[in-house]
Amino acid sequence: MNGSAAVATTIFGLAMVATIGIGVWSARGRSKGLAEWSVSSRGLGVLFIWLLMAGETYTSFSFLGTAGWSYSFGAPILYLVAYLTVGFAVAYVVGPALWTYASRHGLISIADIAEFRFRSRPVGILVAAVATVFIVPYIQVQIQGMGVVVNAMTYGSVDLKVAAVISFVVAEVFILVSGLRGSAWVSALKDMLVIVAVVFLAVYIPMHYLGGFSDFMRRMVTEKPEWLTFPGHESGGRNAMWFLSTVVLNAVTITIFPTTVAGYLSAKSPNALRRNALLLPWYQLLLFVPMVVGATALFVMPTLGNPDLALFSLVTDSLPSPVVALIGVAGALSAIVPMSVFMLSIGTLWGRTILGGGNGADPRARRRVLGKPGDASDMRAKRLSQLVCVVAGLIALAGSLFYPNTLVELSVLSYEGLAQLVPVVLLALFWRRLTARAAVCGMLTGLAVMILLWATDNDPYHGVNGGIIALAANLAVLLAVVRLAPGPGPAAVSSPTPATPDGSAAKAAQHVTES
């Protein structure tokens, strides 16, 4: 190990120790129940909600995939900024509605919400299972992403597999001890480093290699114009129609993403979510920096073998090892924070809904009354959630070590698959006539269409994102079932009463009986 690698490895090791310390320290003096572990007892203010949800959006993909797409395709990568920004506009309405409904009934996940809304534990179990299938690949992507970042920042001294194991251990330790609150505190360190790193790179990289941003833009226009317009450079049909359909699909889907909902439910009030929705789009401006760095690499390293290494190849080529290490730590934490929230979300889905007996809303299931925070039944549900959290992480880790491509291929479908949960989780809160039968039939149809399009290599289909076609089929079947076979619906379904102006939930829940 040479001197530069030794310096970078030492800084990385110290940063990982500090990460565990911050995460564990954040749990001091807090209750030990499931609600505290999974949604921070709904007690996070605007700042920590912002840090947590910003941490979920700026992942290892932001350092690797964003620069890689910019290097390979060009303009299509703009969908990332577009859908996140539009998604936060949608979240301004959706977030407070979900918070109010879940807070009133003591719900902690999308499966919990679906089970309570339809008074059906099987529906909750199905939602939990589908969500898990499409979240586990995201954990593996973050583990592998951290492996690439750490391997690059240590000049190859830390093996990819070793880095993967380190990321798993670090994330598991603080998430098991501190839960969502630990992720929020670690996000504070991560976001500070990310902001400093990307602002520095935005100025330094174009100046160092091309003489400045104006020269960079001039060369892009004259030498690489194909990268500046749709469909970009050899992007596989990612044209303007793909861009629009993907932005619409992802903007709606991200509002019911299990990790996003965990962020919603950890807030002190709906007003904290509204302020957060106004602030978060500004954070997405940072995503333009990896795009610029990736495009700069076109002129510096035109034959780069792995486009995802565009950013770190320029960083390690031009900067001293301490600076490389700090940028690498920012990239590593950008994998660890969302990874920890993904694992926590899966644990919460299984710990209560699948293994914990549900929330007691289904009259056909064994009657179960939710215990108070910290009592025996609550602690049992928490321990089950933590166990599943570890198992989900181990599955993703095993995939990254032994089958690095299998689950990653599935991650491409994650947003499209989770989009099929939008009607059962979100639409159901606003449409009282929607029955469990209709919601499930629509969901299964949407999943089948999505998989068929992907398996036959028809996604995108004539330029349209396959996920939005599947969601359209989902809604069509759902509407047909409601109209042709309404059947008996769940009893006493609560409508999502809007939050009052002072940020508190309306006191009286309106109950209706579906027939």
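Residues numbered from 1 in each chain as written. Predicted model: local features only at pLDDT ≥ 70, side-chain atom pairs only at ≥ 80, totals over all residues. Heavy atoms only, no water.

Enquirer: Help me out: how do you make sense of the overall build of the protein chain in this one?
Expert: Within the protein chain, the regular secondary structure consists of 23 helices and two strands. Long-range pairs, those at least 24 residues apart, make up 84% of the contacts in the protein chain with a sequence separation of at least 6. As presented, the protein chain carries roughly 19,400 Å² of accessible surface, and 68% of it is formed by carbon and sulfur atoms. (Helix = DSSP H or I, 4+ residues; strand = E, 2+ residues; numbered from the N terminus. Contact = heavy atoms within 4.5 Å. Areas by Shrake-Rupley, 256 points an atom, 1.4 Å probe, with all protein chains shown as cover.)

Enquirer: Just to check I follow, could you spell out empty space enclosed by the protein for this structure?
Expert: Summary: where empty space remains is shown by rolling a probe the size of a single water molecule over the atoms. Under the defined criterion, the tally for this structure stands at two cavities of 30 Å³ or more. There is about 70 Å³ of room inside the largest cavity. Surrounding the largest cavity, 12 residues form its lining, I108, S109, P258, A262 and S345 being those nearest its centre. Looking at the lining of the largest cavity, the elements with two or more residues in it are helix 2 (34–39), helix 13 (258–265) and helix 17 (321–354). Ranked by residue count, the leading element in the lining of the largest cavity is helix 17, at four residues. Partitioned by chemical class, the residues of the lining of the largest cavity number eight nonpolar, four polar and no charged. Approximately 50 Å³ is the volume attributed to the second largest cavity. Lining the second largest cavity are M53, F88, A91, Y264, L273, N276, A277 and L280. At the level of elements, helix 6 (79–105) and helix 14 (270–283) are the ones that each hand at least two residues to the lining of the second largest cavity. (1 Å grid on protein atoms, 1.4 Å probe; cavity = no way out; pocket = protein on both sides within 12 Å on 5 of 7 lines; lining within 4 Å. Points joined across faces, edges and corners; volume = space filled by probe spheres on them. Nonpolar A, V, L, I, M, F, W, Y, C, P; charged D, E, K, R; others polar.)

Enquirer: Which parts of the structure should I look at to understand a nonpolar patch on the surface?
Expert: Together, L78, W282, L285 and F288 make up a nonpolar patch on the protein surface, roughly 420 Å² of accessible area in all. With respect to the helices, strands and loops of the structure, L285 is situated in the loop between helix 14 and helix 15 (288–300). (Patch = residues over 30% accessible without salt bridge, like charges linked within 9 Å, V, L, I, M, F, W, Y side chains within 5 Å. Salt bridge = Lys/Arg side-chain N within 4 Å of Asp/Glu carboxyl O.)

Enquirer: Any chance you could explain the nonpolar core here in plain terms?
Expert: Side chains that are nonpolar tend, in soluble globular proteins, to be buried together. Residues Y79, V127, I139, L201, L421 and V424 are the most contacted members of the largest nonpolar core, which totals 160 residues. Here this core takes 18 residues from helix 17, the largest share from any one element. The residues contacting V424, other than those within four sequence positions of it, are A114, F118, V123, V127, A439 and M443. (Core = buried A, V, L, I, M, F, W, Y, C linked by side-chain atoms within 4.5 Å. Buried < 20%, exposed > 50% of the residue type's maximum accessible area, 1.4 Å probe, protein only.)

Enquirer: What should I look at first to understand the side chain of S400 in this one?
Expert: Residue placement: S400 occurs in helix 18 (residues 376–402). The buried category is assigned to S400, whose relative accessible area is 10%. Engagement of the side chain of S400 in a polar contact is seen with the backbone oxygen of L397, the distance being 2.7 Å. (Polar contact = N/O pair within 3.5 Å; in protein donor to acceptor, adjacent residues only side chain to side chain.)

Enquirer: Help me out: how do you make sense of the packing of aromatic side chains in this one?
Expert: Think of a pair of aromatic rings as described by two things: how far the centres are apart, and how the planes are tilted against each other in angle. Summed over all chains, the structure comprises 18 aromatic pairs. With centroids separated by 5.7 Å and ring planes inclined at 90 degrees, the aromatic side chains of Y138 and F257 adopt a geometry described as edge-to-face. Note that Y138 is positioned in helix 8 (residues 121–153) and F257 in the loop between helix 12 (240–253) and helix 13, a separation of 119 residues in sequence. Side by side, Y138 and F257 carry an identical accessibility label, which is buried. Taken together, the aromatic side chains of W69, F73, Y79, Y83, Y138, W242, F257, F342 and Y415 make up a single cluster linked through ring pairs. Against the face of F118 rests R117, its NZ or CZ located 4.6 Å from the ring centre. The side chain of R238 reaches across the aromatic face of W242, ending 5.7 Å from its centre. (Phe/Tyr/Trp six-rings, centres within 6.5 Å; stacked < 30°, edge-to-face > 60°. Lys NZ or Arg CZ within 6 Å of the ring centre and 35° of its normal.)

Enquirer: Sorry, what's going on with the pattern of salt bridges here?
Expert: Side chains bearing opposite charge may pair, as long as their charged atoms lie close to each other. This structure, assessed with the given rule, holds four salt bridges. Across the pair K190 and D191 runs a salt bridge whose closest N-O atoms are separated by 3.2 Å. Of the charged contacts in the structure, one is a salt bridge between E223 and R219, with a shortest N-O distance of 3.0 Å. Of the two residues, E223 and R219 are both situated in helix 11 (residues 213–223); the distance of four residues between them amounts to about one turn of the helix.

Enquirer: Looking at this structure, I do not really get unusual backbone geometry. What am I missing?
Expert: Of the consecutive residues F230 and P231, the connecting peptide bond is found in the cis state with omega at 10 degrees. The phi angle at R119 is positive, at roughly 50 degrees, despite the residue not being glycine. Along the chain, R119 turns up in the loop between helix 7 (110–118) and helix 8. Accessibility expressed as a relative area gives 11% for R119, which makes it buried. Unusually for a residue other than glycine, Y155 sits at a positive phi of about 55 degrees. Considering the arrangement of structural elements, one finds Y155 in the loop between helix 8 and helix 9 (160–178).

Enquirer: Would you mind showing me how to read the layout of surface pockets here?
Expert: Approximately 280 Å³ is the volume found for the second largest pocket. Every residue lining the second largest pocket is counted, 15 residues in all, and those nearest its centre are S70, L78, L228, M291 and A295. Listing elements by their share of the lining of the second largest pocket, those giving two or more residues are helix 11 and helix 15. Split into classes, the residues belonging to the lining of the second largest pocket amount to 13 nonpolar, two polar and no charged.

Enquirer: Explain the environment of F118 here, please?
Expert: Considering the arrangement of structural elements, one finds F118 in helix 7. Taking C-alpha positions, F118 is 7.1 Å from T435, a pair spaced 317 residues apart along the chain.

Enquirer: What am I meant to see in the environment of V391 here?
Expert: By secondary structure assignment, the location of V391 is in helix 18. For V391, a relative accessible area of 42% translates into the label partly exposed. On a C-alpha basis, the gap between V391 and I346 in space is 9.7 Å, while along the polypeptide they are 45 residues apart.

Enquirer: I keep staring at the confidence of the model for the protein chain and nothing clicks. Help me out?
Expert: Chain-level statistics for the protein chain give a pLDDT mean of 84 and a share of 89% at 70 or above. The model gives residues 489–515 a pLDDT under 50, and that stretch makes 68 contacts with residues more than four places away or in other chains. (pLDDT = per-residue confidence, 0-100.)

Enquirer: Sorry, what's going on with helix 13 here?
Expert: Turn by turn, an α-helix covers 3.6 residues, leaving residues three or four places apart pointing in a common direction. Summarising burial for helix 13: eight of the eight residues are buried, a large majority. Taken as a whole, helix 13 has its buried residues at P258, T259, T260, V261, A262, G263, Y264 and L265.

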